[in-house]
Amino acid sequence: MTHQIQLHSFDGGIHPAENKQQSTRTPIRPAPLPALLTLPLGQHIGAPAVPCVAVGERVLKGQLVAHADGFVSVPLHAPTSGTVVAIEDRPVPHDSGLTALCLIIEPDGQEQWIEHQSLLDELGVTSLEDIAASDLVERIRGCGIAGMGGAGFPTAVKLAVKRDDNGNSPINTLIINGAECEPYITADDMLMRERADEVIHGIRVLLHILGAQRCLVGIEDNKPEAIAALNNACQSLDQSSQISIVAIPTKYPSGGEKQLIQILTGEEVPSGGIPANLGIVCQNVGTASAIYRAVYHGEPLISRITTVTGDAVSDPGNWDVMLGTPASHLLQLSGYQPQPLPRVIMGGPMMGFTLPDDSLPLVKTSNCLLAPSVTEMPVNEAAMACIRCGMCTLACPAQLLPQQLYWFSKAEEFDKAEQHNLFDCIECGACSYVCPSQIPLVQYYRHAKGAIREERAAHQKSEQARERFERRLARQEREAAEKEAKRKARAEAAALAAANKKAAAAAENSASATPAASGGSSSSPVAAALTSPALEKLQKQLTAAQTAISKTKEKLSAAQQALSAGDEDQQTKVAALESALVKAQTRMKDLAKDIAAEKKALKAQPAAATDTAAGPDKGDPNSPERLQRKWETAQARLDAAIKRLEEAKAQGLDTVAALETGIVKQQQRVDEAKAAWQAVTGAPVATNTDSTEPSSQSSAEADAVRKKIRAAQDRLNKAQERLAMAREQQLDTVDALTLGVNKQQDKLNALTQQLAELEQTASQTTTTSGTD
Amino acid sequence: MALMTLSSPHAHGNNSTQKVMLTVTLATLPGLAVMTALFGFGTLINVVLAALFAIATEALILRIRQRPVMFFLKDNSALLTGVLIGLALPPLAPWWITLVATAFAIIFAKQLYGGMGNNPFNPAMIGYALVLISFPLQMTTNWALSSQMGASVAGLGDALSVIFAGGSADAFSGATPLDTYKHLISNKTATEVLTDTTFNGWLNGGWEWVNLAFLAGGLVLLWRRIITWHIPVAMLAGLSLCSLILGWDADMYTPASLHLLSGATMLGAFFIATDPVSAATTPLGKLIYGAGIGILLYIIRTWGSYPDAVAFAVLLMNFAAPFIDAYTQPRTYGHAKANRGLKKPEAK
Ligand code: SF4
Ligand code: SF4
């Protein structure tokens, strides 16, 4: 019914050559079966479907082959009867050019349908009004219907509106998008001309589900046949005259959801909001027809109408084509002529994307295959400088300043781009179309949007990392304080014990204390090493963390199950659990590190004890150990300097002279350090008659090895950390890092062994000297 | 079959920067023709000279900057800059003035900023302002007399000799009507002023034809959608309002008709103020920018010491253009109100 609707208009917009008449000369033709059908599991927005058939299984036409994965997802059905020959990654038609899991079916040519029936028959009712909205939505969900206008948003999700207690719907207007403003595409036009009844039936289902008072069907006035056909259909099918067929002025992009809503209602969808905020639900005519088939015939979405057009095909037209049909099949049917610089655009010339290969399949959203010749759509010339002519501003339907967005995106001044509402850009391409300098503006916007999204994600991550770091610092401080307190307590206890012992000894009056004083002092730290309370505590904490992790994991998997079963509230819970899990895991890692450190420290204690026994105190700056280290670092610096000098010489740099003086100086330093070390080590060796030459040497050697061990341990820790991070983020460096970690571990083991041997000899010497 | 992949949109309008620049250049032709008819060959020679200098300088600099010379030259922007300078200079200005103005415009005002599209100031007006300040004598007294001022127009030979050989232009030149009126009105009445030879009874001494011709060219630009109405209309409105409110008494101030139809008013409104690169670009911004030029034009003409003021008015507003743009962003679809300035809105 044509009602008097007050039309509004949107700012900007362009009038590109329509080029629609080529493909409307012939009626819609059914496309014959191809040899293979390739069904990507994600043909919609949301989680990809999950296959529920096995390779080699025979499937019937309309049989469910993959079920929806969660609420925002749709199932997939076999477009014809045949055999599943593979389930594997294949390139899919998506502007990112990625591969994704696909189900490949070899048709048997029998077109054998699975049992299906109208929802009315199934429920034994006679009229649509007798069916509950939820049953209809379930049917639509089960039939795998996703928006067929281009985006592919699961239709059932849009239809799941919550009514208030009185049964009133928040939706008052249903808008059906039949604008089809993109040049060349005529799939919706032909559908409306030939299947107007289906569209109107579908609309009535939608009206019933939504409880909306009215439906506005917006069609550009360059489609008079479609408008007439729908009006006719309305006369017989729309007794309540809720449906208005509205002819709108032809202007690109009037078919953009936001623009169409503005034209028909004068209202604007709030930025970042959805039409439902205005009490509006928007659906495409193709979707309406698919809903009719699902409800009245029980046919799932397994085919669609696709326009094949462009100068490269001799027989342009519309095909009723099974999902999964390769583009090449349709192109051949339409008489494709090989082209220089061949291009096939899926979608229209303004917003479509080029296919990397013509073997890619058609999906639920593929409304057009456009194969232009080079003369028809010249390959973009090199962009010239922006002359700030402002033509883009005049063309932008979103009232943005495309020129400013371009300058900001180009200069990577993303904050300014955001401030200029970059994210309200609908990527319609009107600005690029009019730009006299041929600047690929939309490409810049996509890049900027991508970069900003990445930045946001990275920022979030670094925030988390910062928090984690701060938490760790706090914990370390706390633990240090605890340790200190424990140490004090221990010292007091030890003092008390010593006093007790003394008292006991005095009481017993035993002069012959078997364990030598030196033996007592060296054995007590060893005993402490075996029973360090700090270590015990850490280990306890570790076990606690491990149990916490396994519990969280359990909870997480339960929540995930609930989520996949359709409980949307679980979404946040899953996210929270996941982050909790990550946190727990990091804590465990930290703990493990602390334990390792503690163990190392404990291991070092006996060594320190031997040190104390063997030579002067470690804290003494003139201790041989210190001096030796000094000497070694000086030597290392010298080596590095010499190396640099060689390089400089080889490259003929003018730093040679400077380096040479530096080296001479460094050499002096090395000599001094060496002399100092020798002087010191010589003296104690000379004074300490008990100790012999080899022992001091071996202790020095042991020190060196110990140092190496420390370094190796450090390196190992770092490598492990990096590996863990890579695992967490699923980077492809995991293998390489694992290898590195193993190597480090080996080195460390070798060093530890060396140290152990050295210590053994050293202790042997000390024992011998002790028993002397 | 592997296919070529390109980013959307795949269709493109048939507009191009070359075309835009060329159309603007061509739209100056009526004005150029009228000027040549009224003032003799001086203007034509200047325009050709300036265009050649501009293209040569641009080529040279592109060469030095190692940019593809032909690719950038074919955008016709240097041609347009040259033509505008040629039109703005006095018809009998010596050749080296043209050279200095053009070279400065191309080298300093355009290429040193990064070339096409990156210059914050209108190059032609920078070049013009430079020579106006540096050589005030040649710039203010060399305006050829128009045939309507009762003087004999410089012929081709005379013009060549004045421009290239340093011949005397005294016989053919004088002050412009704007300048004359301003000076004479201080001690005469409007009727008396109009008896001066510059006016010879006509209010504008032939300049109205020049301005009407540029107006016609400007309308062509509007019709071809190369410019929008905002800047010219705002500028002319600003100028008219000022002269109507402040200069309503023709016996005391230059009247609005003389402001609108004399000097470089129409050339400025449609060809210079609208230079896209250096102008404001938002719809509201263009209105503010244009009005600003109109008001400044009136102020400098009335109280300044230069005979005309288009160059200074435009350059001053060029300064403000980026700021104006930032504060006149349109309200984007789906937003309750427009963003202002360059700071990010905090509350989201
Ligand atoms: S249309 Fe192109 S050249 Fe003109 S302002 Fe926009 S981006 Fe710049
Ligand atoms: S692509 Fe974005 S900026 Fe360009 S016209 Fe469309 S909405 Fe405006």
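Structure's up top.
Residues numbered from 1 in each chain as written. Chains lettered and ligands numbered in written order. Predicted model: local features only at pLDDT ≥ 70, side-chain atom pairs only at ≥ 80, totals over all residues. Heavy atoms only, no water.

It is worth spelling out the overall build of chain A at this point. Of regular secondary structure, chain A possesses 21 helices and 17 strands. Evaluated residue by residue, chain A yields a buried proportion of 45% over its 772 residues. As displayed, chain A offers around 37,600 Å² of accessible surface, 54% of which is attributable to carbon and sulfur atoms. (Helix = DSSP H or I, 4+ residues; strand = E, 2+ residues; numbered from the N terminus. Buried < 20%, exposed > 50% of the residue type's maximum accessible area, 1.4 Å probe, protein only. Areas by Shrake-Rupley, 256 points an atom, 1.4 Å probe, with all protein chains shown as cover.)

Residues and elements named next belong to chain A. Taken in spatial order, the four strands make up an open sheet running β2-β8-β7-β4, and their pairing is antiparallel. For this open sheet the edge positions go to β2 (37-40) and β4 (58-59), each flanked by a neighbour on one side alone. Pairing between β4 and strand β7 (residues 82-91): two bridges, direction antiparallel. In the strand pairing of β7, Arg58 is matched with Thr83. (Pairing = 2+ DSSP bridges.)

Met125(B), Phe271(B) and Tyr289(B) are the most contacted members of the largest nonpolar core, which totals 81 residues. If you tally residues by element for this core, the top one is helix α17 (residues 310-327) of chain B, at nine residues. Split by domain, this core shows at least three residues from each of two domains, domain 1 (21-354) and domain 2 (386-509) of chain A. Within the second largest apolar cluster, 59 residues are counted, among which are Ile145(A), Ile227(A), Ala229(A) and Ala290(A). (Core = buried A, V, L, I, M, F, W, Y, C linked by side-chain atoms within 4.5 Å. Domains from an automatic or database assignment.)

Quick look at a nonpolar patch on the surface now. Residue and element names in this part refer to chain B. Together, Phe41, Leu44, Val48, Leu52, Trp95, Leu99, Leu156, Leu160 and Phe164 make up a nonpolar patch on the protein surface, roughly 740 Å² of accessible area in all. For the nonpolar patch, the secondary structure elements donating two or more residues are α3 (42-64), α6 (95-110) and α9 (156-165). Note that Val48 resides in helix α3. Among the residues examined, Val48 registers a relative accessible area of 44% and is labelled partly exposed. (Patch = residues over 30% accessible without salt bridge, like charges linked within 9 Å, V, L, I, M, F, W, Y side chains within 5 Å. Salt bridge = Lys/Arg side-chain N within 4 Å of Asp/Glu carboxyl O.)

Let's shift gears to the side chain of Lys364(A). Residues and elements named next belong to chain A. Here Lys364 lies in the loop between β16 (353-354) and β17 (368-370). In this structure Lys364 is buried but unpaired, with Glu299 as the nearest side chain of opposite charge at 13 Å. Setting aside anything within four residues of it in sequence, one finds Lys364 in contact with Gln43, Val74, Pro75, Leu76, Gly144, Met148, Leu301, Arg304 and Leu323. (Lys, Arg positive; Asp, Glu negative; His and termini not counted. Contact = heavy atoms within 4.5 Å.)

Turning to the sheet that holds strand β3 (residues 50-51) of chain A, a few remarks are in order. An order of β3-β5-β6 (chain A) is seen for the three strands of this open sheet, with the pairing classed as antiparallel. A single partner strand is all that each edge strand has here, and the edge strands are β3 and β6 (76-77) of chain A.

Turning our eyes to something else, we now look at a positive patch on the surface. Residues and elements named next belong to chain A. Residues Arg715, Lys718, Arg722, Lys743 and Lys747 make up a contiguous surface patch of positive charge. If you list the elements that add at least two residues to the positive patch, you get α20 (693-729) and α21 (734-771). Tallying contributions element by element places α20 first for the positive patch, with three residues. Along the chain, the position of Lys718 falls in helix α20. (Charge placed at Lys NZ, Arg CZ, Asp CG, Glu CD.)

Further remarks concern the site of ligand 1. The environment of ligand 1 is formed by Cys386(A), Ile387(A), Arg388(A), Cys389(A), Gly390(A), Cys392(A), Gln403(A), Cys435(A), Pro436(A), Ser437(A) and Leu441(A). Taken together, the residues that form the shell around ligand 1 break down as seven nonpolar, three polar and one charged. (Near = heavy atom within 4 Å. Nonpolar A, V, L, I, M, F, W, Y, C, P; charged D, E, K, R; others polar.)

Moving on, we come to the site of ligand 2. Every one of the 13 residues lining ligand 2 counts as a neighbour, but Cys396(A), Cys425(A), Cys428(A), Gly429(A) and Cys431(A) are closest to it. Across the shell around ligand 2, the residue classes tally to 11 nonpolar, one polar and one charged.

Right, let's talk about the interface of chain A and chain B for a bit. At the interface, 65 residues of chain A touch 47 residues of chain B. Here chain A and chain B share an interface that buries about 4,900 Å² over both sides, 57% of which is from carbon and sulfur atoms. Considering only the surface of chain A that becomes buried against chain B, Met384(A), Ile387(A) and Gln419(A) emerge as the three largest contributors, covering 15% of it. Taken together, the connections running from chain A to chain B amount to one salt bridge. A salt bridge links Glu268(A) to Arg331(B); the nearest nitrogen and oxygen atoms lie 2.8 Å apart. Counting across the interface, chain A meets chain B through 28 residue pairs in polar contact (both at pLDDT 80 or more). (Buried area = accessible area lost by both parts, 1.4 Å probe. Polar contact = N/O pair within 3.5 Å; in protein donor to acceptor, adjacent residues only side chain to side chain.)

Okay, the side chain of Ser289(A) next. All names here are of chain A. Inspection of the secondary structure assignment puts Ser289 in helix α8 (residues 285-297). For Ser289, a relative accessible area of 6% corresponds to the buried category. The contacts of Ser289, once residues within four sequence positions are left out, are Leu191, Glu198 and Val199.

On to the environment of Pro283(B). Its location among the elements puts Pro283(B) in helix α16 (residues 283-303). Judged by relative accessible area, which is 33%, Pro283(B) ranks as partly exposed. As a C-alpha pair, Pro283(B) and Thr228(B) span 55 residues in sequence and 8.9 Å in three-dimensional space. Aside from chain neighbours lying at most four places away, what touches Pro283(B) is Thr393(A) and His230(B).

Residues and elements named next belong to chain A. Burial runs high along strand β11 (residues 243-248): five of the six residues are buried. In this sheet, β11 lies alongside strand β10 (residues 214-220) in parallel orientation, the contact comprising six bridges. Paired with Val217 across the bridge in β11 is Ile245. The parallel pair β10 and β11, bridged by helix α6 (residues 224-237), forms a crossover whose chirality is right-handed. (Right-handed = clockwise from strand over helix to strand, strands pointing away.)

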